[in-house]
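Chain by chain, the residues:
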Amino acid sequence: MAALLPAEWIKNWEKGGKSEFVQLCRALSENKNHDVGFRDIQQALYELAYHVVRGNLKHDQASNVLGDVIEFREDMPSILADVFCILDIETSCLEEKNKRDHFTQLVLASLYLVSDTVLKERLDPETLESLGLIKQSQQFNQKSVKIKTKLFYKQQKFNLLREENEGYAKLIAELGQDLSGNITSELILENIKSLIGCFNLDPNRVLDIILEVYECRPEYDDFFVPLIESYMYMCEPQTLCHILGFKFKFYQDPSGETPSSLYRVAAVLLQHNLIDLEDLYVHLLPGDNAIIEEHKREIVEAKQIVRKLTMVVLSSEKTEEKEKEKEKEEEKTEKPPDNQKLGLLEALLKIGDWHHAQSIMDQMPPFYSTSHKPIAIALCQLVHVTIEPLYRRVGVPKGAKGSPISSLPNKRAPKQAESFEELRKEVFNMLCYLGPHLSHDPILFAKVVRLGKAFMKEVGTVKKFVSDRVAKFQSDGSKQEDKEKMETLFSCLLSITDQVLLPSLSLMDCNACMSEELWGMFKTFPYQYRYRLYGQWKNETYNSHPLLVKVKAQTIDRAKYIMKRLTKENVKPSGRQIGKLSHSNPTILFDYILSQIQKYDNLITPVVDSLKYLTSLNYDVLAYCIIEALANPEKERMKHDDTTISSWLQSLASFCGAVFRKYPIELAGLLQYVANQLKAGKSFDLLILKEVVQKMAGIEITEEMTMEQLEAMTGGEQLKAEGGYFGQIRNTKKSSQRLKDALLDHDLALPLCLLMAQQRNGVVFQEGGEKHLKLVGKLYDQCHDTLVQFGGFLASNLSTEDYIKRVPSIDVLCNEFHTPHDAAFFLSRPMYAHHISSKYDELKKAEKGNKQQHKVHKYITSCELVMAPVHEAVISLHLPKVWDDISPQFYATFWSLTMYDLAVPHSSYDREVNKLKVQMKAIDDNQEMPPNKKKKEKERCTALQDKLLEEEKKQLEHVQRVLQRLKLEKDNWLLAKSTKNETITKFLQLCIFPRCIFSAIDAVYCAHFVELVHQQKTPNFSTLLCYDRVFSDIIYTVASCTENEASRYGRFLCCMLETVTRWHSDRVIYEKECGNYPGFLTILRATGFDGGNKADQLDYENFRHVVHKWHYKLTKASVHCLETGEYTHIRNILIVLTKILPWYPKVLNLGQALERRVHKICQEEKEKRPDLYALAMGYSGQLKSRKPFMIPENEFHHKDPPARNAVPATLQNGPGGAGIPTSLTINTVRLEEGTTEETADKLKEKSQGVVKVINKTVNATPKVTTSNGNSASNSKIIKEKDDKEKSGKEKDKEKKDKTPAATPEMKALGKDGKDKPKEERANKDEKAREIKEKTPKSDKEKEKVKKEEKASKEEKSKTVVTIIESKSSVEKEREKEPSRERDLAKEMKSKENAKGGEKVPVAGSLKSPVPRSETSESEREQKRRKVDTHSSPSHSSTVKDNLNELKDSSAKHYINHTTPTLSKSKEREVEKKDLDKSRERSREREKKDEKDRKDRKRDHSNSDREVPQDSTKRRKDENGTTGSSKHSKSESPSDSPRLNEKEKEKNKSKSSGKEKGDSIKAEKMEKSSSGSKKESRHDKEKAEKKEKRDSTGGKEEKKHHKSSDKHR
């Protein structure tokens, strides 16, 4: 603090310092601010005195100036005394004696300014003594002590004798008189004063009497309160409090009970602030510590009760003990000790003094005070009064009168609430103190809930109003303020619900009305808030209070009792008990029930039935409890083996479906939960969605459907409902509507679809990481099935507008939402159907024409309008080159149609109608049924029958329209800009395979669609190729399926086989349905020309061979899968085999081969993998039952003698083709290493090093090429007529031609050779084994062998390389080939020209097995020689160029057709016969040849790009295993273009000298043009060749071994 007295003033005191000081004091004393002036003057005087003490100023100078300033203020002497007091204390502590002396002198000099009394009061007795103001300090001290004692501690004794009783009598009479007149408290107070004075009454006792009278006359508050207030002015403030305290003390004996009147008086005095609560509180018992201890004890007791309830009681004695303990506890709790604090609290609440009541409650543990019923009721009453006006205004339900509650008389009570804002400020606080004890007043509970409901209603209208305002203008500040207020109020309402309403409901005794009342408010909350409240209620509320802890334990105890006794028989009584219990404690009850359901799934049905007595609130709580149980983080979702979903989850899902269907429970939360789980990449919980949709909408997804059900599923909605599902799920209309509404209201329909579609891959790539493969498959299936089921539900339940509004276009689905194409089309398909039908209806209305053609025309127009944008959209889904082969229109048509559009299931409709007829007959025959019920039932059946018939008619019309539309579209479907083979690849890859495993109906649809495309005679569609691809190698497709996909794939194969079997079964059917169809052409020409003569068609017998080959392929693939030991392979192939059992196996030996393998699986897997064992056993049993229907191979297809081996070849028409197994091989022959090598070597010599052979197949089995787009396709085309028309000469010539020309396809093959998979090895040994078993035995058989050999020879000779005709390709080849090859090509070309340019297509080797008599002797000779040189059947495989030159090399398949040797005599006989026949027919052949040449020329001029390679394969050995060629398992599509040529090369290589053989053949070729006369010479030459070959065979073989080793 800055000094007020500068040092200069002291130095120049007399000159100017004194006057300056006086002026300062004057200025300070005039300061308006009294306090500041006081302090500053104090400081100025202190500084002056201090200068005197230090010796800077003389004491007389100081006393003079003090005399001047003393008049400035009245209190100046007192201020000066204070300064002296401070200096006295300071100087007495100092050691410098002189300073103390200076102080004493200053005080002495100033004695005239300050009175002695003031100084005696403030200075030390020692100082006073030294100043001479008192004689002795010690005496002074003693005297002051005596005075203080007398003042403060001596009690005044009233002489009772002196107090006269009359005075008290008069006082009571005064106070007890009738106060209704004009008597006022002031008047009475004057009289009381007079009485006290007159009769010497004790004022304290008078006050006590006033209080006593007031206690007795509580209605006169207005009189007594002012009286006491006035009286208290005469007393000390504490007196009243002490007197009340003594009154309370009086009742604090253990037996004493404080009267309520005393509490009331104390409360009123507190309310009027006549006493302080703190002062009175200390007089009341029990102490706060005792209360806290009691509260803790209550909690401990509650927990003990819980422990006892949950204890397992074994004997009856224990139960008796338990009951005794309960009785003791009840006795204890009956009489609580008197608690004065609670009594006072109750009184305060009754008079409405909320402020003081709140203060008392705050001193106690939470809810301790309100746990006492009287207090709770008093507080409830106060709330009743406070909310009355607001409740009357907004809360009273329509039609209810209610009893109005009057307000409290005193004005100090809380203000009554007129608005929600006041309600929040005044009432919500009271309710929070009340807590769970609102349960004591159900009426108040209902009122609060109704106010909450009214508030939520207001919030709704305010929100609407604000949003409207915002839409019109910018919302102003006040609106924003209102919104904030509303939000605050809403959060307060939620808190009240959480802390008061729900806990109170728990303590109420099963009051269903309260539960419903509360639901009235709850249903206005969004489910997120409701579930939050239920969560708090279930997991936290019950631990907050001892009473609730007990209630929870009792509820669980009761729930256990009920659940133990719940059975199907006593559902009703148990249901009532569950209902009663659930009204007040639903969370606890349902938690227990769900825990039981998770353990015992047989409880599901009785529990669901017993829940019918629940209230709406309880159903909502049940939904929450289910979600909480599902989301339980402590539970494992997989069983311990990690391969199956846990049973608890399956039980819960099943319960979910049943309960949500049966009762009106809100679904939004559950659906959102599933969606959130999917977002998090977890698909386990789709099980719930699947169950809910199945139960609520009656849409079932099962792979176990029978064919009848499947057929019914292709009809209309009514047929589906009647015949498509296992359970006749009736009355799903309401439940499916509820499910639909939940999905639409919360915008979950599309998100769930998209999440499921995306999650399918997520299951594999994200979720599946650590999981067992079996489980991943299960989850994938579950995800897929649920998507199909859910999509089906949306399609059948959403209105057209809803659906179209929600599902985006196909390109958006695929490109933006990354939905897989199959799923995207699945979702869009109903949209297209809706769209087309609505457009069609519009057009029909627009112009009325009833003619069928008009209708069809309109339908087609509406299709074009709807589908045109789709055609545009699909283009972005695939690479541009895809659309070279198939048009976007075809792609969209395939994906947008369903089975409903393709065929009418007449048999299904008939079946259901017949069932109804039978039902009606049964109703008629039923005597017991009452007539009115009979009538109703019959009406129902009739109506249903009519509906079905109407539906059938409608579908029939629709199907006809669709077929008309397809007829018009078909020409633009397949563009085949590359090859037909490539087209089939794209079709299978992008259409058939993805869709056939999508659902069971889609599997059937795919098979039907293929047949439909065939029947429509679609240009560029090769049915034969398509079927061949599908059957040729199923290993890869089967192995990559999940369990359900395998089942669907099996269905697809079954339907395909059904069609094939139908064609196979009867020549008439085949001729009618396939004979003239472009799909069965064996020569594929350039695009745009599919017509052709009969010779290009596959004839019936050859078709039978092809079907046999397909059966063989299926067997081979199945055996391979069964022998891998892989779980997935075995499971899937068994599923597929079970599905195709009606049509496969048909051939006995194939059936036996399968049976052996399956039997082996049964033995191996019995202990290891029981599920595989069960599958195998099931299949094995069914297979055995089919055995009687199997037929021997020779009945299945016309079979020639054994050892006649097919020439495997593939159909190649230019670049293109796909990695699908190829070759229509009819026969398999064992590959014999030696012969193959030998042939390869000879071939090498023959072509003078042009073709370098690498024998790949000695150890390697056939492979599938996934080529770079140039591989040949797998169909083998068959030609019969040409065989008859060719002479031996021509064949020889052709053989020669073929050797040098390496076609582009061969090169392509070379490129692709590297890509072949290594799957083939596994099957090779197996095949070899099977073939060994089947070699021919008898002489007759040998003879047949020879004939067959001859026939195959003639086929080989017919294979022509058509590409050679196109000069450009020949030239290209020549550039690449060495000169020798070029010469040969020229020679061949000149021969061709000499013959008139005949261009012979590749002859199908799948020809009729009957040996042709036209075949020349020379061929027979050749065959015979072959038979002599090679003793065992062999089958070659890929031959490649040098590995370094893979790009240019041409890979070939070639086959050695060999037979066991025949006796020479027999050979001669056969030769003679053949020779005669051939001569007779040679002339006819010449003519036919001429004609054919011209045809061929015309055909091939169109086919620069498409090179026919319809090469084919031959049949089996007689005992005939199904054998297909070595590469039959998975011959690469690119494998085969030149098989037949190779065949010939091999044969040629067997003739002795290379040069010699060439010259002979050259001669032969020259002569061949001169006609048949020279044939005998030709035969002689052949004979010579044979002899030479016999002599040189050994040498050749050795050479061959060496060379093949080199190349290998």
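Residues numbered from 1 in each chain as written. Predicted model: local features only at pLDDT ≥ 70, side-chain atom pairs only at ≥ 80, totals over all residues. Heavy atoms only, no water.

Looking only at helices and strands, one finds 71 helices and two strands in the protein chain. A total of 1608 residues make up the protein chain; the buried ones form 56% of that total. Counting only contacts in the protein chain whose residues sit at least 6 apart along the sequence, the fraction spanning at least 24 positions is 82%. When the accessible area of the protein chain is evaluated, it comes to approximately 70,400 Å², of which 51% is carbon and sulfur surface. (Helix = DSSP H or I, 4+ residues; strand = E, 2+ residues; numbered from the N terminus. Buried < 20%, exposed > 50% of the residue type's maximum accessible area, 1.4 Å probe, protein only. Contact = heavy atoms within 4.5 Å. Areas by Shrake-Rupley, 256 points an atom, 1.4 Å probe, with all protein chains shown as cover.)

Together, Ile-147, Leu-151, Phe-152 and Tyr-153 make up an exposed nonpolar region whose accessible area comes to about 540 Å². Residue placement: Phe-152 occurs in helix H9 (residues 137-152). (Patch = residues over 30% accessible without salt bridge, like charges linked within 9 Å, V, L, I, M, F, W, Y side chains within 5 Å. Salt bridge = Lys/Arg side-chain N within 4 Å of Asp/Glu carboxyl O.)

We now examine the environment of Pro-869. By the element assignment, Pro-869 lies in helix H43 (residues 852-874). The exposure class of Pro-869 is partly exposed, given its relative accessible area of 48%. Sequence separation between Pro-869 and Ile-810 is 59 residues; the distance between their C-alpha atoms is 9.8 Å.

What follows is about the packing of helix H48 (residues 980-996) against helix H50 (residues 1023-1032). Where H48 contacts H50, the axes come no closer than 10 Å and their chain directions differ by 50°. Relative to H50, H48 is oriented oblique. For the crossing formed where H48 meets H50, the hand is right-handed. Of H50, the residues touching H48 (which contributes Lys-980, Asn-981, Ile-984, Thr-985, Phe-987 and Leu-988) are Leu-1025, Cys-1026, Arg-1029 and Val-1030. Residue classes in the contact of H48 with H50 are distributed as six nonpolar, two polar and two charged. (Axes fitted to C-alpha atoms, helices over the stretch in contact; angles between N-to-C directions. Parallel < 35°, antiparallel > 145°, perpendicular 65-115°, else oblique. Left-handed = near helix turned anticlockwise from the far one by under 90°. Nonpolar A, V, L, I, M, F, W, Y, C, P; charged D, E, K, R; others polar.)

Next up on the list: the packing of aromatic side chains. Using the criterion set out here, one finds 48 aromatic pairs in the structure. On the numbers, 5.7 Å between centres and 90° between planes, the contact of Tyr-840 with Tyr-859 is edge-to-face. Of this pair, Tyr-840 sits in helix H42 (residues 821-846) while Tyr-859 sits in helix H43; the two residues are 19 residues apart in sequence, bridging distant segments of the chain. Ring plane angle 50° and centroid distance 5.2 Å describe the contact between Phe-890 and Trp-973, whose orientation is recorded as tilted. With Phe-890 in helix H44 (residues 888-896) and Trp-973 in the loop between helix H47 (931-969) and H48, this pair connects stretches of sequence that are 83 residues apart. We note that Phe-890, like Trp-973, is buried. The rings of Phe-825, Trp-883, Phe-890, Tyr-891, Phe-894, Trp-895, Trp-973, Phe-987, Tyr-1005, Phe-1009 and Phe-1021 are connected pair by pair, giving a single aromatic cluster. A cation sits over an aromatic face here: Arg-565 above Tyr-561, 3.8 Å from the ring centre. (Phe/Tyr/Trp six-rings, centres within 6.5 Å; stacked < 30°, edge-to-face > 60°. Lys NZ or Arg CZ within 6 Å of the ring centre and 35° of its normal.)

Now for the environment of Trp-9. Within the secondary structure, Trp-9 is located in helix H1 (residues 7-11). C-alpha separation for the pair Trp-9 and Ser-19, spaced 10 residues apart in sequence, amounts to 9.1 Å. Sequence-distant contacts of Trp-9, defined by excluding residues within four places in its chain, comprise Leu-4, Gly-17, Glu-20, Phe-21 and Leu-24.

Together, Arg-558, Lys-564, Arg-565 and Lys-580 line one region of the surface with positive charge. Among the elements that line the positive patch, the one with the most residues is helix H27 (residues 546-565), at three residues. Mapping Arg-565 onto the fold places it in helix H27. Taking relative accessible area as the criterion, Arg-565 reaches 41% and is therefore assigned partly exposed. (Lys, Arg positive; Asp, Glu negative; His and termini not counted. Charge placed at Lys NZ, Arg CZ, Asp CG, Glu CD.)

We now examine the pattern of salt bridges. Under the counting rule described, the total for this entry stands at 49 salt bridges. The partner of Asp-221 in a salt bridge is Arg-264, with the nearest N and O atoms 2.8 Å apart. Of this pair, Asp-221 sits in helix H13 (residues 221-231) while Arg-264 sits in helix H15 (residues 260-271); the two residues are 43 residues apart in sequence, bridging distant segments of the chain. A salt bridge links Lys-915 to Glu-912; the nearest nitrogen and oxygen atoms lie 3.2 Å apart. Here the residue Lys-915 and the residue Glu-912 both occupy positions in helix H46 (residues 906-925), the gap between them amounting to three residues, near one helical turn. Using a relative accessible area of 45% as the deciding quantity, one classes Lys-915 as partly exposed.

For the rest of this paragraph, the subject is unusual backbone geometry. Backbone phi values are negative for most residues with the exception of glycine, while trans is the configuration of most peptide bonds. With an omega of -10°, the peptide bond between Leu-285 and Pro-286 qualifies as cis. Positionally, Pro-286 belongs in the loop between helix H16 (277-281) and helix H17 (288-310). Pro-1145 follows Tyr-1144 through a cis peptide bond whose omega is 0°. The topology assignment puts Pro-1145 in the loop between helix H55 (1127-1139) and helix H56 (1148-1168).

The biggest cluster of nonpolar side chains holds 317 residues, and the ones touching the most others in it are Leu-344, Phe-655, Leu-752, Tyr-1049 and Phe-1052. Setting aside its immediate chain neighbours within four residues, Tyr-1049 contacts Phe-993, Cys-996, Ile-997, Val-1030, Ile-1034, Thr-1037, Val-1038, Cys-1041 and Val-1136. Grouped together as the second largest cluster of nonpolar side chains are 40 residues, Trp-9, Leu-45, Ala-81 and Leu-123 included. (Core = buried A, V, L, I, M, F, W, Y, C linked by side-chain atoms within 4.5 Å.)

Close contact between helix H2 (residues 13-29) and helix H4 (residues 59-69) brings their axes to 10 Å; oriented N to C, the two are set at 35°. The interaxial crossing formed by H2 with H4 has right-handed handedness. Contact residues: H2 offers Trp-13, Glu-14, Lys-18, Phe-21, Val-22 and Cys-25, while H4 offers Gln-61, Asn-64, Val-65, Asp-68 and Val-69. Taken together, the residues that form the contact of H2 with H4 break down as six nonpolar, two polar and three charged.

For helix H3 (residues 34-54), spanning 21 residues, the distance from its first C-alpha to its last is 30 Å, which sits close to the expected 30 Å at 1.5 Å a residue. Taken residue by residue, H3 has Gly-37, Ile-41, Gln-43, Ala-44, Leu-45, Glu-47, Leu-48, Ala-49, His-51, Val-52 and Val-53 as its buried positions. Each element contacted by the buried residues of H3 is listed here: H1, H2, H4, helix H5 (76-93) and helix H6 (97-109). Gly-55, located one to two residues past H3, shows a positive phi value of around 95°. (Expected span 1.5 Å × (residues − 1).)

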